[in-house]
Each structure stands twice: as C-alpha cells, then as structure tokens.
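Take a look at the letters that make up each chain.
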Amino acid sequence: MTLQQSRQNELLLINNTDFVQYLTYDILNIIFSHLSFRERIRFTRVSKTWRYFLTSWPHLWNTIADHHVNLDTNLLPYLDYFQGQYVRTVKIPEFSQQSTRFLINQSCRYISTLELPCHPATFKNVYDLLLSTCDTLMDLTIHSRVGNALLDIILDHCPNLISFQYLLSGSLYNFAGKSSHHCKKRRLTTKLRRLVLDIPLDKQKVLTILSNCPNLSQLQLRSPGMQLGYFDTLLMYIHQYHTQLEYLRLFGSAARHTSFLTYPIPFPPLSISQIAQPQQQQQHLRELWLIGTDEGSSTHIIPFIYQHHTTLTSLYIRSPVTSECMHHLASFSYPVLEELYIQLTHYSPLANDLYQFIHHTPHLIRLSLSSFTSTDIVSDQLFDILPSSIQQLKLQQKYNHGIITSEALTRFVKRSLLIQEIHLPNVQALDDNVLILVSLKHKETLTTLDLYGNEKITDKGLKGFIDNMSHSKKLESLNLGQCSLITSTMIYYVQEQLPFTKIYY
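Residues numbered from 1 in each chain as written. Predicted model: local features only at pLDDT ≥ 70, side-chain atom pairs only at ≥ 80, totals over all residues. Heavy atoms only, no water.

**Topic: the overall build of the protein chain**
To keep it simple, the criterion reads: Secondary structure counts use DSSP, requiring at least four H or I residues in a row for a helix and at least two E residues in a row for a strand, with both numbered from the N terminus. Summary of the burial criterion: residues with accessible area below 20% of their type's maximum are buried, those above 50% are exposed, and those between are partly exposed, where the area comes from a 1.4 Å probe applied to protein chains only. Residue contacts are defined here by distance: any two heavy atoms, one from each residue, within 4.5 Å place the two residues in contact. For every accessible area listed, the method is Shrake-Rupley and the probe measures 1.4 Å; residues are considered covered only by the protein chains on display.
Across its full length, the protein chain carries 19 helices and 17 strands. For the protein chain, the residues scored as buried account for 51% of the 505 residues in total. Partitioning the intrachain contacts of the protein chain with sequence separation of at least 6 by distance along the chain shows that 75% fall at a separation of at least 24. As displayed, the protein chain has an accessible area near 24500 Å², and 53% of this comes from carbon and sulfur atoms.

**Examining the packing of helix 18 (residues 459–469) against helix 19 (residues 488–497)**
Convention followed: Only the stretch in contact is used when a helix axis is fitted, and all axes are lines through C-alpha atoms; the angle between N-to-C directions ranges over 0 to 180 degrees. Angular relationships are summarised with four words: roughly parallel below 35 degrees, roughly antiparallel beyond 145, roughly perpendicular across 65 to 115, and oblique for the angles in between. Each residue gets one of three labels, nonpolar for Ala, Val, Leu, Ile, Met, Phe, Trp, Tyr, Cys and Pro, charged for Asp, Glu, Lys and Arg, and polar for the others, Gly among them.
At a closest axis distance of 11 Å, the pairing of helix 18 and helix 19 adopts a crossing angle of 0°. One finds that helix 18 runs roughly parallel with respect to helix 19. On helix 19, the residues touching Asp459, Leu462, Lys463, Ile466 and Asp467 of helix 18 are Met490, Tyr493, Val494 and Gln497. Grouping the amino acids of the contact of helix 18 with helix 19 by side-chain chemistry returns 5 nonpolar, 1 polar and 3 charged.

**Things to note about helix 7 (residues 123–133)**
Helix 7 sits mainly inside the fold: 8 of its 11 residues count as buried. Among the residues of helix 7, Phe123, Asn125, Val126, Tyr127, Asp128, Leu129, Leu130 and Thr133 are the ones counted as buried.

**Some points on the pattern of salt bridges**
We apply this condition: Salt bridges, as used here, are contacts in which a Lys or Arg side-chain nitrogen is within 4 Å of a carboxyl oxygen on Asp or Glu.
According to the stated counting rule, one finds 9 salt bridges in the structure shown. When the shortest N-O distance is used, the salt bridge between Asp128 and Lys124 registers 2.5 Å. Of this pair, Asp128 and Lys124 both sit in helix 7, 4 residues apart, roughly one helical turn. Lys124 gets classed as partly exposed once you look at its relative accessible area, which sits at 44%. Three or more residues joined by partner-sharing salt bridges are found here, namely Arg101, Lys124 and Asp128.

**Describing the side chain of Ser379**
Put simply, the rule is: Side-chain atoms alone can form a polar contact between residues adjacent in sequence; in general such a contact is a pair of N or O atoms within 3.5 Å, and within protein one must be able to donate a hydrogen while the other accepts it.
Examined against the element boundaries, Ser379 turns out to sit in the loop between strand 12 (366–375) and helix 15 (380–385). Judged by relative accessible area, Ser379 falls into the buried class, the value being 14%. Polar side-chain contacts of Ser379 include one of 2.7 Å to the side chain of Tyr355.

**Here's the deal with unusual backbone geometry**
Positive phi, close to 60°, is recorded for Ser107, a residue that is not glycine. Tracing the backbone shows Ser107 in the loop between helix 6 (97–105) and strand 3 (113–118). Judged by its relative accessible area of 35%, Ser107 is partly exposed. Non-glycine residue Asn426 carries a positive phi angle of around 65°. Mapped onto the elements of the fold, Asn426 is located in the loop between strand 14 (421–423) and helix 17 (432–442).

All quantities given are derived from atomic positions and should not be read as evidence of function.
Laid out in structure tokens, this is it:
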C-alpha cells in the first residue's frame, strides 16, 4: 500500500467517524451552542447519536428565536422529547395563533425574554401566555394591533420586567380586550429600566405609568395626534421626577411618516450594574431626541440641556426650535457631544447662534442639518468652524448656493482627520478639485458620498475620484442622481471600477 493510499484510507476513516461519540459533554455544549434553533432541530436527523444528545440536551430548547418557525409543524415530531421548562427565550415574528398556544400547552412557564405579535385573533392566547410567564419575564416586546388592551395587564402582572417595549404594528383594530380592573392599585414596577411605548396614549395615562416606574434609565414615548403642549407636561414631569434617565426619546404623531423612523436605532444594551442595582442616585442624560414634537416643547428642553449639557453625547432636535431657545442652547458647552441633528424651519435661529452652538462641540462626529424652507445659515463660516473630528456630514435643505465656496470645502476636507460619510446634495461648491481631494485624503475611510444635483463635477473629476477609490474598496454608496455633466459612459465606467458599490444615478 502506497503512502498516498494510506492517507486516503485515514481520511475516509475520519470522515466516517461520528465525532459526537468521542467528544466530552462540555465540548459538545460549546459546539452546538453556536447553532440556531432550526439548525439544532435539523441536526437531530443526522444520526441516532446526534438525536440522543440533542434531545437530551437542555440548551436545545433554551432559545426559540428563528424567523418563520411554525412551532406546531417543526416540533410536532419532537413532542415526546420537548422540555418546556428549559425554554428561556422566544421570538415569534409572524402572526401565529398556533405557536403561542403551543407554548402554553407545553408548559413554557419560565420564559425570560419574549417577543411576539398580538392581534384580535391571537389576543386570548397571548393573554394566557403572559399570565403563565409573568413571574419570570424580564425582557418583553409586544407588536400590537389591539391598541393598548394588553398594557395594563403587563404592567400589573409582570413585576420583574427590566425591558418593556410596546410597539404599534400596522393598523389598529377596534378591539376591546380584557382589562385589569380587579387590581385595586397598580404595582410599583421598580425593576423596569427600559420602557418604549410606541403607541398613542393620552397624557394622564402616560403620567400614571411613569409614576409607577421610578427607576427608568431609557424612555421612548409617542404622542397621540397633534396635541399642543403634550410634551411640555411630560418634559416638566420627567425633569422633576425622573432625574435618573440616561436616554430620552420623544416622538410626535407625525414622526411615524418620516424616513428617519423606517429603521429606528435601538437603545444601547443595559449594563449589568443598571439591572442589578436600583437607580436611586441622579444620573446624567446622555441622549435626547425630540422628533416631530410640538413647538412649545422647545422651551422645556432648556432645563434638560442646562442640567446635562456636559454629559450629552447625542442630541436630535427634529422639531420647531425658536430663536430664543437656540440662543440659550448656544450658550452652553458640550464637551462630549458626538451626534447633533437640527431641523431648521421658519423659526430658524440666527446664524451666529448656530455657529456658536457648533463651536461648543469640540468632539462632534456626526452633524446633520435639514430644512424644508430656504435659509442662508449654511455658509463658508459653518465649514470653517466644524471640528476636525467630523466623520459624517449631512446637509439636506434648501439654501442659497452662492454662499458656499469651494475654498471653504477644501479647507474643511484638508483639516478633517477621518471622513466616512458626506451628504451634500445640490451643493455646487463641490467641484472636480474638491472631489479628487476627498479621494486622496480619505480614500481609506470614505463609505458614502451623496452628490445629488451637482452641476459642477465633470467626467474628468469623477474619473480621478474613482481611480483613487477603486483600490481602497471602502466606498459602499455613491449618489450621482441629477448630475448634469456626468455622461452615461462615465456611469458605466464607475460601475465597472466599483462593482461592490451601490451607484444611484
């Protein structure tokens, strides 16, 4: 037998060997823990050894969180082995009445993380499941089409919740579900740290809920309809009674129709210290969002900024901001602010106030200015005061094109340390020279470039930019829409040189 034949026989022997028979339980535990629930179920069909190990392995049933899993269909052959007492995490993305009933029938009473939808046809099953798991639930997300019918039930019966998200899913049905009137007094939810109520609730209802959740660190609310002064009252209450908040997001009713909320940014994960210890001492606000709220709320954000301006890292004001309010905000310093979004409207502040505001943010990383009305605030002076730490710059508004020059853009590009995204639609100051400078200075970091409506960039300048960027392979998105001097031949060249970049034209 030759050496090559001997090695082939050894490889054949290895391939025919069931490694599950020879590995320890701890090693197998590590290997199979990297598989999804559906993959674990499929692997029970590999051999009798695999089936025996997996069906007797408690972690097999720990997490049921795969998309499009029909529990009745997928688990019917395994009912004899199913151990509901080991189920800890369940996420059901689709409307499935059978899946919820399956969990109830299999005595899954120790679920700690649960995400599921609820509409009139599944309300009874969801209600029963919540009551059976109320003592162990710690992280709950409901996608509701039954209004707030489940809200009181959850807050009254789930004392160990740490994170609770009640989200509006699609259109609401006219539905009257069960209530918890038998509860004489609402239970104080002292462990709750994250509360997201993305469903319209009246002001008094929200205040009642907040009064029973004294230790919140992350809060997101939405107003019902255009109720003037809705957030004024909430802001004053939160400022007085919820000084431990670190993240506050307030959305007006109109905010749902904006592209900003198509893929909402999730809250950061809760730290172990936040979960283990009650929030008795005053914390520092890190994030404040006002998206589509009424005009009056701009006045009541001043106490928040005054108290927390040294700790704010993210500030989104996509609501009408008066000149007086901006004048006050511009007088504070923001030593750790990294993210700033301001919507300029017909209440637009004076340019000097905006410049002073940005001047007080030495470590700003992401800046976005938008407006639906014409304004001349964006000028050379703005680009000259931008800190060198800027990585993402977005200007989405109408303004006088002549007040921005290519010289100011050149100075900004040269001064910047690391640019990842540039959104300058309809900015004619961005010419061939500036474009090539961007590719030379930031080709290793630039991922997005928006040149929509540019009438100065030519094929020559774009070719120089593409030739410099083609070697870095970092560019993910390039918008060349309505660029009048770019020919179709150059578009084909761009597509050939940047095959992995999304090109819009």
